[in-house]
Amino acid sequence: MNEEIKVNGNFAVRVGNMWAKRDYEGAKLTEQPDSLMKFADAYKLAKKIGGKVHMFKPKEISEAEIESLILAAGIKESENED
């Protein structure tokens with residue numbers, strides 16, 4: 001199956017073991033990618049700060065993985081029922 005190339009909203013920039021985030025002063029580094037951007041923005045940021053562009057692909061999470069994540073996040077059963 002041939003996947004369509006997506007260029008909006010699935011990219012982040014990694015510098016060493018940190019992730020770049022654009023802010024008002026230019027860019028700051030964080031331990032986890034906390035915002036994804038379109039490819040053009042990620043490419044420009046990577047060129048500016050010497051980072052590498054990473055693409056995130058959506059992956060469906062199985063029910064077993066969801067249960068494990070609920071436990072790891074400490075979510076109580078009552079919080080699940082919004």
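Residues numbered from 1 in each chain as written. Predicted model: local features only at pLDDT ≥ 70, side-chain atom pairs only at ≥ 80, totals over all residues. Heavy atoms only, no water.

### Let's talk about a positive patch on the surface
And then number 1: The grouping of Arg22, Lys38, Lys44 and Lys48 at the surface amounts to a positive patch.
And then number 2: Considering the arrangement of structural elements, one finds Lys44 in helix H1 (residues 39–49).
And then number 3: Its relative accessible area of 56% is what places Lys44 among the exposed residues. (Patch = residues over 30% accessible without salt bridge, like charges linked within 9 Å, V, L, I, M, F, W, Y side chains within 5 Å. Areas by Shrake-Rupley, 256 points an atom, 1.4 Å probe, with all protein chains shown as cover. Salt bridge = Lys/Arg side-chain N within 4 Å of Asp/Glu carboxyl O. Lys, Arg positive; Asp, Glu negative; His and termini not counted. Charge placed at Lys NZ, Arg CZ, Asp CG, Glu CD. Helix = DSSP H or I, 4+ residues; strand = E, 2+ residues; numbered from the N terminus. Buried < 20%, exposed > 50% of the residue type's maximum accessible area, 1.4 Å probe, protein only.)

### A few points about the pattern of salt bridges
In a structure, side chains of opposite charge can pair up when their charged atoms sit close to one another.
And then number 1: Enumeration according to the criterion identifies two salt bridges in this entry.
And then number 2: Lys21 is the salt-bridge partner of Asp34, the closest N and O atoms lying 3.7 Å from each other. Of the two residues, Asp34 sits in the loop between strand E3 (26–30) and H1 while Lys21 sits in strand E2 (residues 18–23), which places them 13 residues apart along the sequence.

### So, the nonpolar core
And then number 1: By size, the foremost hydrophobic cluster in this structure holds seven residues: Phe11, Val13, Ala20, Met37, Ala42, Leu45 and Ala46.
And then number 2: The set of elements that each furnish at least two residues to this core consists of strand E1 (11–15) and H1.
And then number 3: For this core, the leading source of residues is H1, giving three residues.
And then number 4: Non-local contacts of Ala20, meaning those with residues more than four positions away in its chain, are made with Val13, Lys28, Leu29, Met37, Leu45 and Ile49. (Core = buried A, V, L, I, M, F, W, Y, C linked by side-chain atoms within 4.5 Å. Contact = heavy atoms within 4.5 Å.)

Interpretation note: all reported values are geometric properties and have no functional meaning in isolation.
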